[in-house]
Structure formats: structure tokens, C-alpha cells
Amino acid sequence: MPNATKERFLTELRNRFGYLRKLEHSNSLYDIGNGEARIYIRYSKVHARNSTFYGLRREDLQTLQGHPSLICFLCDGREDPLFIRFADYEDIFQSLTPASDGQFK
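For clarity, every value in this text was computed on a predicted model and none was experimentally measured. (Residues numbered from 1 in each chain as written. Predicted model: local features only at pLDDT ≥ 70, side-chain atom pairs only at ≥ 80, totals over all residues. Heavy atoms only, no water.)

## Topic: the sheet that holds strand β1 (residues 20–22)
In step 1: Reading across the sheet, the five strands line up as β1-β2-β3-β5-β6 and stay open at both edges, with mixed pairing between neighbours. In this open sheet, the two edge strands, each paired with only one partner strand, are β1 and β6 (82–85). Recorded for the sheet is a direction-independent mean angle of 30 degrees between the axes of neighbouring strands.
In step 2: In this structure, strand β2 (residues 29–32) lies alongside strand β3 (residues 37–44), joined through four bridges in antiparallel fashion. Along β3, the bridge assignment pairs Y30 with I39.
In step 3: Against the sheet, helix α1 (residues 4–17) engages β1, β2, β3, β5 (69–75) and β6, with an angle of about 160 degrees to β3. (Pairing = 2+ DSSP bridges. Helix = DSSP H or I, 4+ residues; strand = E, 2+ residues; numbered from the N terminus. Axes fitted to C-alpha atoms, helices over the stretch in contact; angles between N-to-C directions. Contact = heavy atoms within 4.5 Å.)

What follows is the structure, encoded as C-alpha cells:
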């Protein structure tokens, strides 16, 4: 079953920017505006102590390289998504080693 929070967000993106193209090999990467930008959408439910947890897949982050890109963090109960520009953190991700499952956590 699709995540309702993510589906609402995708609907809002479509309303604002038109067609979204889902990129291959990921359920989280989208092209906006026919190549104008890429967005990487990550969702977390709210866990005990009001905390969230996000995993960023190395291969998804590599797909953002060379494109204007945003990482979007969504969670239940938060109306506004949190956006960060990938370019602001690209060097950091390249210098880190992901966990054994290929994700930065």
C-alpha cells in the first residue's frame, strides 16, 4: 500500500510542476519539469520519543550527481516537508562510507 504522506506530497508536486517522471531502479527518485530538477523523497514514520529515521541509498545519491537536486524528508504529523539541496552535502556523502546495506543512516 502506498504511503499516504508521500502520495499527498507527490500530488502537490504534480499540481505545482506538472508531470513527474519516476526514475528507474528507485521508488524515491523523480524528475521534475522535464529535467529541470531531481528530487529524492525519503519518508519516516514518527518513532518513540518523537524521533524519525531515514536511510539514504548510495546508488540513489549517485543518481543526483550532476543535476540540480533536492532531498526531501517527509514524516507523519509534519505538514511541511524538509528540503535540502543535494549540492550542499554532495562532498560529505562522497567522503563517507555507507553502512553494509549501502545506506547512509
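More follows now that the structure is in view.
## Considering the nonpolar core
In step 1: Of all hydrophobic cores here, the largest spans 14 residues; its most connected members are Y40, L56, L61, L64, I71 and F93.
In step 2: Those elements that provide at least two residues to this core are α2 (58–64) and β5.
In step 3: Contacts of I71, omitting those with residues within four sequence positions, involve Y40, L56, L61, L64, L82, F83, I84, F86 and F93.
In step 4: Counting residues in hydrophobic clusters, the runner-up holds ten residues, among them L10, I32, I41 and C72. (Core = buried A, V, L, I, M, F, W, Y, C linked by side-chain atoms within 4.5 Å. Buried < 20%, exposed > 50% of the residue type's maximum accessible area, 1.4 Å probe, protein only.)

## Topic: the pattern of salt bridges
In step 1: Tallied over the entire structure, the rule returns five salt bridges.
In step 2: With a shortest N-O distance of 2.8 Å, R85 and D88 are connected by a salt bridge.
In step 3: In this structure R85 comes out as partly exposed when scored by relative accessible area, which is 49%.
In step 4: The exposure class assigned to D88 is partly exposed, which follows from its relative accessible area of 45%.
In step 5: Among the charged side chains, a salt-bridge network with shared partners connects R57, E59 and D60. (Salt bridge = Lys/Arg side-chain N within 4 Å of Asp/Glu carboxyl O.)

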